[in-house]
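Understanding the architecture of this molecule
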Protein chains: 2
Amino acid sequence: MSATKTLARFALDCRYDQLSPRTVKEAHRTFLNWLGCAIGAARHPTAETAWRTVSRFAGPAQASVLGRRERTDMLHAALLNGITSHTFDFDDTHLKTIIHPAGPVASAILALAETQPVSGHDFINALVLGIEVECRIGNSVYPEHYDTGWHITGTTGVFGSAAACGRLLGLNEKQMIWALGIAATQASGLREMFGSMCKPFHPGNAARNGLMAALLAKENFTSSERGIEAPRGFAHVLSTKFDESEITRNLGKTFEIDLNTYKPFACGIVIHPSIDGCAQLTAEHGLKADDIARIDLGVHPLVLELTGKKTPRVGLEGKFSVYHASACAVIYGTAGEREFADAVVADAAVIALRDRVHAEVKPGVHEHQADIRVTLRDGRVLHRFVEKSIGSLENPLSDAQLEAKFRGMANEILPASQVDALIAACWKLGDSADAAAAIVPLAVIQSA
Amino acid sequence: MSATKTLARFALDCRYDQLSPRTVKEAHRTFLNWLGCAIGAARHPTAETAWRTVSRFAGPAQASVLGRRERTDMLHAALLNGITSHTFDFDDTHLKTIIHPAGPVASAILALAETQPVSGHDFINALVLGIEVECRIGNSVYPEHYDTGWHITGTTGVFGSAAACGRLLGLNEKQMIWALGIAATQASGLREMFGSMCKPFHPGNAARNGLMAALLAKENFTSSERGIEAPRGFAHVLSTKFDESEITRNLGKTFEIDLNTYKPFACGIVIHPSIDGCAQLTAEHGLKADDIARIDLGVHPLVLELTGKKTPRVGLEGKFSVYHASACAVIYGTAGEREFADAVVADAAVIALRDRVHAEVKPGVHEHQADIRVTLRDGRVLHRFVEKSIGSLENPLSDAQLEAKFRGMANEILPASQVDALIAACWKLGDSADAAAAIVPLAVIQSA
C-alpha cells in the first residue's frame, strides 16, 4: 500500500484509547511547551508585524491569537500562533530530523477546535497522529531533504496539520488522501530564511495551509492520490532520498512524539551542552564572573559552524554565539529568552566574560556533549564533561522544569495567577470535555 | 548585483511610458484572455468547491469573484480568480517555459486594485512587470526545474504576484527585496497534481501568496535579501540549473509578455499541433469519423509524456489525452472547453474514433509541430505536417479570434450585451482612470 494511503488510513484509525500512558503524557508536555512559546512571543515584533498585515483582510472572529486580545478567522489564527510558537526558537525538537513538531499541528487544531467542539481525548489524539504523520514523512526524506535547503518543519508540518485537522473534520479515506495531496503541493519553506522573520513564518504557513488542505478536502476538492510517493510527488521532487519504510514500519505501534524534546535554553540546540556545563560548574562552586580567568570549551564542529559569532551585537546574533550563551550561563545561571535581549548582548559585564570564553573543536566530542574547563583567577581549574545535555532525550526537562520554562515566557504576557491556572488546565487537557474551552480563555488577555 | 536585488529594482523602476506600443497591446490581449478564462470557469465544480470552502473563513467583501455575485477579502479573491483562470487549461502560455503568466499576476493585482484606486497605466505596468519577473525567474531555471516535477506556473508565479502587488503598494527597495524573499519561501506546486483540482489551485495560491508577501513586506516583515540566488535560496533548492544571466540580460529592454501566446484549444499546448492538423485535414477533405480507418500522429516526446492517456473516463482526463483531443478535432472541428465535458469523453462515437488514433514519438518533430497521417477506409492516406500550430507565437490568434474565444466562455456566464461591453472595456483598460472600476462591474453577475 502506498505511503499516502497508508498515512491516510493511520490518521483515520489512530485512537486515543490505544495510546500508551507515556505517549499521552508526552503529548501533554508537547502541548504545554508549545503553548508557552506561542504566548511568550505574542508581543514580539514578528507577531506585531504579522498581525498588522493579517488584520487588513482577515475573516470573522472564529479563533484566538494566543497571548493577545484579538480574535480572527481560524486560518489566520493558525498562521499567527504557528509564527509565535517558533519565534523564540524555543519550541520542541524531534532530534532525528530537527523538525519542530508541535507548531504546525497544535496551531491548526487549536484554531479549528474553537469552531467546533473537540473533546480532550480527540484533541490529544489529533496532536499525536498529526505529529506522527509529520515526523514519519520527515524520517523518510531526512537528512538529504534538509541538506538540500528545505526548512523541514515547514515542508513536513503541512502534512501533520492536514492529517490532524482532517481527522477532527471527519474526513473519509478518499478525502484524507486528498488532504495529504493538497498539503504536498503546498509544501514550502527555505533554510535561506533563517535569521529573518520568515523562519517562524514557515510553521505558521504549514499550520494554515494544512488546515486549508483539510477544509478543501472536506468539500471534495481533489488532488493526486499519491501526493507523497509518486515520481513527481513530494518525496522525489523535494528530496534525493525517500525511504518509504520509515513511513510504514511499526506505524501505529511506535510514536515519534515519544522522542520529542524541549529546549531548556532559547537558542540552537548545539550550544546547549556548553551552557549546561557552565551553569552546573557555576552553581556547584558558587562562582561569580570575576572569579573566572578563562573558560575553554571543547566542542563538536557544528558548534563553531552554526554558533561561532565572537562579537554578537544584537539579541538574535547572540543566539548564534556559543561565547555569549556560555557567559550568560555563568552570570544568569541559564540562557532563556531574556538572556538574548539586545540589552544583555550589549551589557559590559556579559561582554567582558564572553571575551574570556574560548571554544575549539575537540575530536571525539559529540553534538550533545561538551568538554569544559574553567580556569579561576586563584589558579584552580574546574572540569566538567557533559555527556548528555539537559533537554536531550536521555536527560529531559522534568515537568517542573517545563512549568518553570512556561512561566518564564507566559508571565511576561499574562497575570501569574492566570498562568498557574493555564498550566493546570494543560496537564488535564486530555480529560477535558472541550479542549479549546478548557485552554483558550486562559491563554489570551482577558477583557476587563 | 544579485538577482533578487536586480529584480526588485526593476519592479520599482519599470514605467508605463517606457513600454512599447506592442508591449502595451500584448498586455491588453493577455488581460482579455485571462479574464475570459476566469469568468468562464466561475461555475465549474472546482470553483464551486473552492468557494464553499473559502466562504467558511473568508474576510470582508473587499474584492470580487469574477463571473459570480460574491465578494470576499482580497487574498481569497486572488486565490479564487487564480483558480478559475486556469481551470479550463485555456489561459495564456509563455512557450519558453510553459508558464501560464497571467493567472498569478492578474488575479492578485485586480483584487488589490479593488481596495485602492489604480490607474489603467499603473495596472498595465504592474501586469507587465509582474509577468517579467515571473518569466525571467522561469527562464533562469527552465527546463531542469520543470523536469524535477515543479509546476512552474505556481513556483514562479508567486514572485510575479509579489512584484506586481509590491509595486502597486508602493514598497521601497528593501521591502521589495523582502517581498521577493517571502515569495521564494512560499514557492510550491507539484506536477503530480496535474489532472486534479490542485492544478488550478497552484496559480491561485501563487496569486494569494504573492499578494500576502507584498502586504507583509509593506509592514516590514523581513526575509533573506538573497531569496532567489543564495545557495539555499529558491533557484538552487528547487532547480539543478540556475542561469542568472536570464534574469539580468536586457532587463527592462525586452519584455517576456511580448512572447505570450493564447490557446485556441482548451487543453495542454503540446496537443495543439495534433488538433490543428486533424481539424485542417477534416475541413479540407470534408471528412466524417466513419471515413477514417486510422490516424497516426508523429509527435514530440512530451506529447506522450504529458497527454498519453489512452482511455480517459472523465472530461479532465480527456485534456490529458492526445487521442481524445484528436478525435474531437475530426468530429467537432475543434477542442474547446465543451469538447472536454464528461459526456463527450464518454460518447461512444468519440471513443470509437479515439481508439483508432495512434501516437508515437517521431525524431525531429518539435513541441509545436506534428506529423499527421490519416488513413481512410477507401485506402487513401492524407498527410499534414503542422509546422507552427494555430495559437503559436508565429501563428497567433488575432484580436477577433481572442474576442470569439472570450465570448465562447463568458457568454455561458454573463449576458451577451454585458460581455460585449466588457470586451470593449478590456481593450481600453490602459487608458482607464480606475482599472478595477472599469472592469469589475462588467465582469461579475450584477444584482437585479
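Residues numbered from 1 in each chain as written. Chains lettered and ligands numbered in written order. Predicted model: local features only at pLDDT ≥ 70, side-chain atom pairs only at ≥ 80, totals over all residues. Heavy atoms only, no water.

Some words on the overall build of chain A
Where we set the bar: Helix and strand definitions here come from DSSP, where helices need a minimum of 4 consecutive H or I residues and strands a minimum of 2 consecutive E residues; each element is numbered from the N-terminal end. Taken over C-alpha atoms, the radius of gyration is set against a globule rule of 2.2 Å times the number of residues to the power 0.38. The rule is simple: take the accessible area with a 1.4 Å probe, protein chains only, and divide by the maximum for that residue type; under 20% is buried, over 50% is exposed, in between is partly exposed. Residue contacts follow a heavy-atom distance rule, with two residues in contact if any of their heavy atoms lie within 4.5 Å. We get accessible surface area from the Shrake-Rupley algorithm with a probe of 1.4 Å; when it comes to residues, only the shown protein chains can shield them. Under this rule, positive means Lys or Arg and negative means Asp or Glu; His and the chain ends count for nothing. One atom stands in for each charge, and that atom is NZ of Lys, CZ of Arg, CG of Asp or CD of Glu.
When you go through chain A residue by residue, the secondary structure sums to 21 helices and 8 strands. Its C-alpha radius of gyration of 22 Å places chain A within 12% of the 22 Å reference for a compact globule of 448 residues. Expressed as lengths along the three principal axes of its C-alpha atoms, the size of chain A is roughly 75 × 55 × 40 Å. Out of the 448 residues belonging to chain A, those deemed buried represent 64%. A fraction of 75% describes how many contacts in chain A between residues 6 or more apart in sequence connect residues 24 or more apart. When the accessible surface of chain A is totalled, it reaches about 14700 Å², and 52% of it is carbon and sulfur. Here chain A holds 44 positive side-chain charges and 49 negative ones, and the gap between their average locations is 1 Å.

Structural notes on the relation of the copies chain B and chain A
The two chain copies are connected by a rotation around an axis plus a translation along it. Here is the rule we go by: When the copies are superposed, the least-squares fit takes in the C-alpha atoms of residues with a pLDDT of at least 70 in both.
Once chain B has been moved 0.5 Å along the axis and rotated by 177°, it coincides with chain A to within an RMSD of 1.1 Å. When the rotation and shift are considered jointly, the pair of chain copies conforms to a two-fold rotation axis. Among all residues of chain B, the one whose C-alpha sits closest to the rotation axis is G59 of chain B, at a distance of 1.6 Å.

A few points about a nonpolar patch on the surface
The condition is simple: Surface patches are defined over residues having more than 30% relative accessible area and no salt bridge, joining like charges when they lie within 9 Å and nonpolar side chains (Val, Leu, Ile, Met, Phe, Trp, Tyr) when within 5 Å. Throughout this description, the term salt bridge denotes a Lys or Arg side-chain nitrogen within 4 Å of a carboxyl oxygen of Asp or Glu.
Together, L95, I269 and L393 of chain A line one region of the surface with nonpolar side chains, adding up to about 210 Å² of accessible area. With respect to the helices and strands, the residue L95 of chain A is situated in the loop between β3 (92-94) and α5 (102-113).

What about the interface of chain B and chain A?
Test applied: Note on terms: buried area is the combined drop in 1.4 Å-probe accessible area of two parts once they are placed together, counting the loss on both. A 3.5 Å cut-off defines polar contacts: any pair of N or O atoms within that distance qualifies, except that in protein one atom must be a possible hydrogen donor and the other a possible acceptor, and neighbouring residues in sequence count only when both atoms are side-chain atoms.
Each partner contributes residues to the interface: chain B has 58 residues there, and chain A has 57 residues. Summed over both sides, the interface between chain B and chain A buries roughly 4900 Å², with carbon and sulfur atoms accounting for 63% of that surface. The interface formed by chain B and chain A holds 3 salt bridges in total. As a salt-bridge pair, E305 of chain B and R232 of chain A come within 2.5 Å of each other at their nearest N and O atoms. For the pair chain B and chain A, the number of links is 19 residue pairs in polar contact (both at pLDDT 80 or more). It is helix α10 (residues 198-218) of chain B that contributes the most residues to the side of chain B that touches chain A, 9 residues altogether.

Regarding the sheet that holds strand β7 (residues 370-376) of chain B
Sheet strands line up and pair through hydrogen bonds in the backbone, either parallel or antiparallel. Residue and element names in this part refer to chain B. So the rule is basically this: Note on pairing: DSSP must find at least two bridges between two strands before they are called paired. In this description, a line fitted to the C-alpha atoms serves as the axis of each element, helices being fitted only across the stretch in contact, and the angle between N-to-C directions of two axes falls anywhere from 0 to 180 degrees.
The strand order across the open sheet formed by 4 strands is β6-β5-β7-β8, and the pairing between neighbours is mixed. Taken across any chain shown, the strands that pair with only one partner, and hence form the sheet edges, are β6 (357-361) and β8 (381-386). Strand after strand, the sheet turns through a mean of 15° between neighbouring axes, direction not considered. In the sheet, β7 pairs with β8 via 6 bridges, with the strands oriented antiparallel. Its bridge partner being in β8, A370 is matched across the sheet by V386. The sheet contacts of helix α13 (residues 272-285) involve β5 (292-299), β7 and β8, and relative to β8 the element is tilted by about 135°. With respect to the sheet, helix α16 (residues 322-331) is in contact with β5 and β6, its orientation differing from that of β6 by roughly 130°.

Quick word on the nonpolar core
Put simply, the rule reads: In this text, buried Ala, Val, Leu, Ile, Met, Phe, Trp, Tyr and Cys residues form a nonpolar core when linked through side-chain atoms within 4.5 Å.
Ranked by size, the top nonpolar core spans 322 residues in total, and within it L35 of chain A together with L35 of chain B carry the most contacts. Sequence-distant contacts of L35 of chain B, defined by excluding residues within four places in its chain, comprise L66, F406, L422, C426, I439 and A443 of chain B.

Side note on the side chain of T153 of chain B
All names here are of chain B. Within the element layout of this structure, T153 appears in helix α8 (residues 152-168). From its side chain, T153 meets the backbone nitrogen of H100 in a polar contact 2.9 Å long. Setting aside chain neighbours within four positions, we find T153 in contact with I98, I99, H100, P104, E134, P203 and A206.

Side note on the packing of aromatic side chains
Residue and element names in this part refer to chain A. Quick reminder of the rule: Each aromatic pair joins two rings of Phe, Tyr and Trp (for Trp, the six-membered one) with centres within 6.5 Å, and gets the label stacked for planes under 30 degrees apart, edge-to-face for over 60, and tilted for any other angle. The criterion for a charge sitting over a ring is simple: Lys NZ or Arg CZ within 6 Å of the ring centre, and within 35 degrees of the ring normal.
Using the criterion set out here, one finds 13 aromatic pairs over all chains in the structure. Here the aromatic rings of F31 and F123 are separated by 5.6 Å at their centres, their planes lie at 90°, and the arrangement is edge-to-face. You can see F31 sitting in helix α2 (residues 21-40) and its partner F123 sitting in helix α6 (residues 120-141), a full 92 residues away along the chain. Comparing F31 with F123 shows no difference in burial state: the two are buried. Lying across the ring of F194, K199 places its NZ or CZ 4.7 Å from the centre.

A word on unusual backbone geometry
A cis amide bond links Y142 of chain A with the next residue in sequence, P143 of chain A, at an omega value of 5°. In this structure, P143 of chain A sits in the loop between α6 and α7 (144-148). Residue N250 of chain B is not a glycine yet carries a positive backbone phi of 60°. Along the chain, the position of N250 of chain B falls in the loop between α12 (245-248) and β4 (260-262). Look at N250 of chain B and you get partly exposed, because its relative accessible area is 39%.

Overview of the sheet that holds strand β7 (residues 370-376) of chain A
Residues and elements named next belong to chain A. Ordered in space as β6-β5-β7-β8, the 4 strands form an open sheet in which the pairing is mixed. This sheet does not close on itself; its edge strands, each paired only once, are β6 (357-361) and β8 (381-386). When the angles between neighbouring strand axes are averaged without regard to direction, this sheet yields 15°. Helix α13 (residues 272-285) rests against β5 (292-299), β7 and β8 of the sheet, and its axis sits at about 135° to β8. In this fold helix α16 (residues 322-331) packs onto β5 and β6, with an angle of close to 130° to the strand it touches most, β6.

Let's talk about the pairing of β5 of chain A
All names here are of chain A. In terms of strand pairing, β5 meets β7 through 6 bridges, oriented antiparallel. Bridged to I292 within β7 is L376. Where β5 lies against β6, 5 bridges are found, and the strand directions are parallel. Pairing of D296 across the sheet is with H358, part of β6.

Some words on the environment of F242 of chain B
Residues and elements named next belong to chain B. Relative to the assigned elements, F242 resides in the loop between α11 (234-238) and α12. Taking the relative accessible area as the measure of exposure, F242 reaches 18% and is therefore buried. For the pair F242 and H145, spaced 97 residues apart in sequence, the C-alpha separation works out to 9.0 Å. In contact with F242, not counting residues within four places along its chain, are A3, S140, V141, I228, E229, A235, H236 and I247.

Some details on the environment of H300 of chain A
Residue and element names in this part refer to chain A. On the secondary structure map, H300 appears in the loop between β5 and α14 (301-307). Put simply, H300 and A11 are 289 residues apart on the chain and 39 Å apart in space, counted from C-alpha to C-alpha. Apart from the residues lying within four places of it in its own chain, the contact partners of H300 are V365, H366 and E367.

Describing the pattern of salt bridges
Residues and elements named next belong to chain A. Following the criterion strictly, the structure yields 56 salt bridges over all chains and no others. Note that D355 is salt-bridged to R354, the shortest N-O span being 3.7 Å. For D355, a relative accessible area of 46% gives the class partly exposed. Beyond isolated ion pairs, a larger network of salt bridges with shared partners links K25, E26, R29 and D399.

Topic: the packing of helix α10 (residues 198-218) of chain A against α10 of chain B
The line we're drawing: Left-handed is the label given to a crossing in which the near helix is rotated counterclockwise from the far helix by less than a right angle, and right-handed is the label when the rotation is clockwise.
α10 of chain B packs onto α10 of chain A with a crossing angle of 145° between their chain directions and a minimal axis gap of 14 Å. Note that α10 of chain A runs across α10 of chain B; the crossing there is right-handed. Here α10 of chain A contributes F201, R208, N209, M212 and L216 of chain A to the contact with α10 of chain B, which in turn contributes F201, R208, N209, M212 and L216 of chain B.

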